[in-house]
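Remarks on the overall topology
Residue-level listing of the chains:
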There are 2 protein chains.
Amino acid sequence: MRILVQKFGGTSVADIDRLKMVRGKVTAALDRGYKVLVVLSAKSGKTNKLLALAGRWAETPDLAEVDSLLSTGEQASVTLFSMLLRDGGIKARSLLGWQIPIVTDDTFGNARILSIDDAKLREAFEENDVLVVAGFQGVTREGRITTLGRGGSDTSAVALAAALGSCECEIYTDVEGVFTTDPNLCSTARKLDRISYDEMLEMASMGAKVLQIRSVEFAKKYGVPVHVRSTFTDNPGTMVTQEDSMMEAVLVSGVAYDKDQARVTLEGVPDQPGISAAIFQPLAASGIMVDMIIQTASRGGVTDMTFTVPRKALADAIGIMESVLKSVGGARVVSSGNVAKVSVIGVGMRNHTGVASKAFAALYRENINILMISTSEIKISCLIEEKYAELAVRTLHDAFKLGEKPLDQAS
Amino acid sequence: MRILVQKFGGTSVADIDRLKMVRGKVTAALDRGYKVLVVLSAKSGKTNKLLALAGRWAETPDLAEVDSLLSTGEQASVTLFSMLLRDGGIKARSLLGWQIPIVTDDTFGNARILSIDDAKLREAFEENDVLVVAGFQGVTREGRITTLGRGGSDTSAVALAAALGSCECEIYTDVEGVFTTDPNLCSTARKLDRISYDEMLEMASMGAKVLQIRSVEFAKKYGVPVHVRSTFTDNPGTMVTQEDSMMEAVLVSGVAYDKDQARVTLEGVPDQPGISAAIFQPLAASGIMVDMIIQTASRGGVTDMTFTVPRKALADAIGIMESVLKSVGGARVVSSGNVAKVSVIGVGMRNHTGVASKAFAALYRENINILMISTSEIKISCLIEEKYAELAVRTLHDAFKLGEKPLDQAS
C-alpha cells in the first residue's frame, strides 16, 4: 500500500469550487496508484470567527472548551469533503483527531503530538481509498479535544506521514513554493527547487510563513520529505528535505525579513555577574520573547545591553526594564519601534567564509546602517532601520545572485 | 450525590441572553443542593442549516458524514455554555456523545441508544458541579458519530437520567407544559399538572409536539419522571409519569388533532384472503406510513378498503394503489387530501364506557360528519373534513369539560 499525504489549507477549502480543485489533486494521486490521506484545515476565517464567538461568551474562555469549539471548524471541512468524494464514487471517509487517535499532551490551544496510532488508519485504508483527516486537532489520553496552535494542520500532516512511514507529504498552499525572498518585495525572487529543513526553519521563523515552524521540526526529526506546492497549478513546488551535498554547494538560499521587531537598550548598567539574568528573567516571566541580544564592551565598570522584542511587547518590555534599572542601577532605557531584521540564510555558510562581509559590504554600498548583528551557523541577521527593509532585502538578494539558478541546479 | 438532569432546546440556546436564563435555572438547582447534568440542543435552525449545506455538497450526502457534521451544532452549544458557566466561577465542563460514551447502533441519522456509561459521568461529577452534555448525538461501537433523529436531545436527556438513576429529568421548552389541547385553537385549553406516559405518547404522535415520542417511550421503559416546563418562567409545568390511581379518575386528559392526513379508498376490491397484504405491503415497501384502516362489510364478494397516509405521501400512495388495482382487480381508487384527525385521549377510558358515544354525540350536535373511526385502549380518533378540525377540537374539549380543573386535582 503506497500512501501519499496531501494537506490543504483554509483557502483551499473555502468553497465548493476550491474543493473540487482539491478533489482533482486527490484523484490524480489515486490515478498514480496511491491511497491518499488528505489533511484539511478549517475554511479561512472560521477559526478566528469561533475565537471571537468564545470571546463574546466569556471574559477568559476556558482553553479546553475553546479547543473543543475550534475543532468543529475542521470537522465541517472533513465531513463535507468526504461527502463530495463519496458522491463522486470515491471510497472515502472522514476521521477526527480522537477517532484515530492523534494523542497529544494537554496544553490546550498549543498541544504537542505524543503519538499517532497508525493501526486505525491502515484498517480504514482497507475499506477506503481516501481518508480525510481533520488537521489541527488531537485528543489527550483522558479523551479531551486539543488543538495544535496556529498552522497546526501542517504539523498534523507531517506527523501522519511520519506515523505511516509515508514517502512524501505534500503541503498545498496558495503560493508556488518557497522563494529566495518575498516576491512582493523583490521582482527577481526565484522559487527554490529544494531547501533543507534547517534553512526552512530559519526562513519560517523570519516570517516566510509558508510552513508552520513546528511542522518543519517534525519533518526534520522523522525525515519526512515535504513538498510545498500550489493548489492552483500543477507545477512542482519546493522540496523541503535533508541537507545533501548538492545543497552545500549553494552558499546562500534565501533572504528573509521580519518587521515585527523593536529594540530596547539599557544604558550604563553595572557590568557585573548576574546582570544578564536580572534583565532577562523578568522578561521571560512575562512571556516576552527576546530575539537578538548584544552587550557592548565595558567602559568604567558599566555597559550597555541591547535586545529586540516583538513590537506588541515593546511597552511591556520598557516598563519591566524601568523597574530593573531601579533595582540594579543604570543610566536609562532607550527604545525604538522602527527597526526591522533582514537575514541571509544558507547551509553553505557552514563551509565558506566571506558571506558575512559580503552582506555587510552590500548594505554599506546602499548607506544602510547596521544597528545589531547576530549570527548562527547558517544565518546572518542584521537589524536595520525599518524604512530600509525592502531595499536591504533586494540588495542582499542581488548581492548573492539569488535571482539566478545556481549552475549545478540548472537543467 | 443528588443529580438533576435539565434539558434545554434550540430556542433556549439561541443567544447569550437566553443562555444566561438557562444559567439561572442551573444555578437555582445548584442552590437546592443538586449536581446538574445539562443537556443542550444545537441552536434553533443550526441543524437545518447544516443539512442544507450537506445538500449543496453532495446529491446524496453520506449519512455517516452528515451525522458527524450535524454533531458540530451541539458541540458549539455545550462548549460555549461551559465557558459561560466557568467564567461565572461554576465548576463545569462539556461532554460530547463519544466522550461519555453514549453508545448507539449504526442507524446514522436516526440511531438508537444501546448503552450509556455512567462511570465517566460520575467521575466527571467528582471534579465538576455541572456537566454540559451534547444532546442528539452518540457514537457507534466502532467510534463513528451518530445522531438520534429529530428532537433527539429529549431522548438523550431521558436516557442520561435513566443511566444515572436520577430522580427527575426536567425538559425546558418554550411552552408552559402539556395542555389539554392546542391553546391556539381553544381558549379554554388548560395546562395539565400530570399526564401518564401512555397519554403523552398518544398526544405526541398526534402533533402535540412538546416531547419527542422516543423520549417518552424511553422514560416509560425506565420509569424516569419527566417534568416538561418553560425556560422563561418559574412556574411548574407538567409531570409525565407512571399512571396512578388519581389519574384514572380523570376520564379524558386531552384532545389532539392532526391535519397531516389524507384518505385513500379502493372501491370494489375482491374480498378474499391476502387482499390486505396485497394492498399494504407495497405501501410499506415504499416507506409510506399508514395510520387508520377500515374495511367495509363485504357486498357480493367485493369490499371497500379505506386508509389514511401523511399528505405528502398521497400522490405516491395513489400511484401504488392504481397498480394494485390492476393486479388484484377492483373498481377504482378515490382519495381526499382535505381531511383531519381529532382524538380524545385519556387513561380513564380503560375503566369507563360512554366516552366514545359522548364524543360522537358532541360532533353530531355541530353537524360534523365522521368519515372514519379508530380506537385504542386510551384513545378515540375520528377522521373528519379538514374545515371542521378547529370546531371539532373545541367541541370535544368542551364536551369533556377539559377547561375545568378536575375536582380531585383542584387545590
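Residues numbered from 1 in each chain as written. Chains lettered and ligands numbered in written order. Predicted model: local features only at pLDDT ≥ 70, side-chain atom pairs only at ≥ 80, totals over all residues. Heavy atoms only, no water.

Turning our attention to the pattern of salt bridges. According to the stated counting rule, one finds 30 salt bridges over all chains in the structure shown. Among the ionic pairs, Lys387(A) bridges to Glu385(A), the shortest N-O distance being 3.9 Å. Across the pair Arg229(B) and Glu170(B) runs a salt bridge, and its minimum N-O distance is 3.0 Å. One end of the pair, Arg229(B), is in strand S11 (residues 226-230); the other, Glu170(B), is in strand S9 (residues 169-173), and 59 residues separate them in sequence. Here Arg229(B) matches Glu170(B) in class, with each residue buried. (Salt bridge = Lys/Arg side-chain N within 4 Å of Asp/Glu carboxyl O. Helix = DSSP H or I, 4+ residues; strand = E, 2+ residues; numbered from the N terminus. Buried < 20%, exposed > 50% of the residue type's maximum accessible area, 1.4 Å probe, protein only.)

In this section: the sheet that holds strand S18 (residues 379-385) of chain B. All names here are of chain B. Reading across the sheet, the six strands line up as S14-S15-S13-S16-S18-S17 and stay open at both edges, with antiparallel pairing between neighbours. Pairing within the sheet leaves two strands with one partner each, and these edge strands are strand S14 (293-295) and strand S17 (372-376). Pairs of neighbouring strands in the sheet enclose a mean axial angle of 25°, with direction left out of account. The sheet contact formed by strand S16 (residues 332-345) and S18 spans seven bridges and is antiparallel. Pairing of serine 343 across the sheet is with serine 381, part of S18. Relative to the sheet, helix H10 (residues 314-328) contacts strand S13 (254-270), strand S15 (302-309) and S16, its axis offset from that of S13 by approximately 25°. (Pairing = 2+ DSSP bridges. Axes fitted to C-alpha atoms, helices over the stretch in contact; angles between N-to-C directions. Contact = heavy atoms within 4.5 Å.)

Time to look at the pairing of strand S16 (residues 332-345) of chain A. As judged from the eleven bridges shared by strand S13 (residues 254-270) of chain A and S16(A), these two strands associate in the antiparallel manner. Pairing of Leu266(A) across the sheet is with Val333(A), part of S16(A).

Overlaying chain A with chain B gives an RMSD of 0.1 Å, the required rotation being 180° about an axis along which the chain moves by 0.0 Å. What the rotation and shift describe, once combined, is the action of a two-fold rotation axis. Looking at the rotation axis and the C-alpha trace of chain A, the residue lying nearest is Thr72(A), at 2.8 Å. When the interface residues of chain A are mapped onto chain B, 100% of them again lie at the interface, so the same face is used by both copies. (Least-squares fit on C-alpha atoms with pLDDT ≥ 70 in both.)

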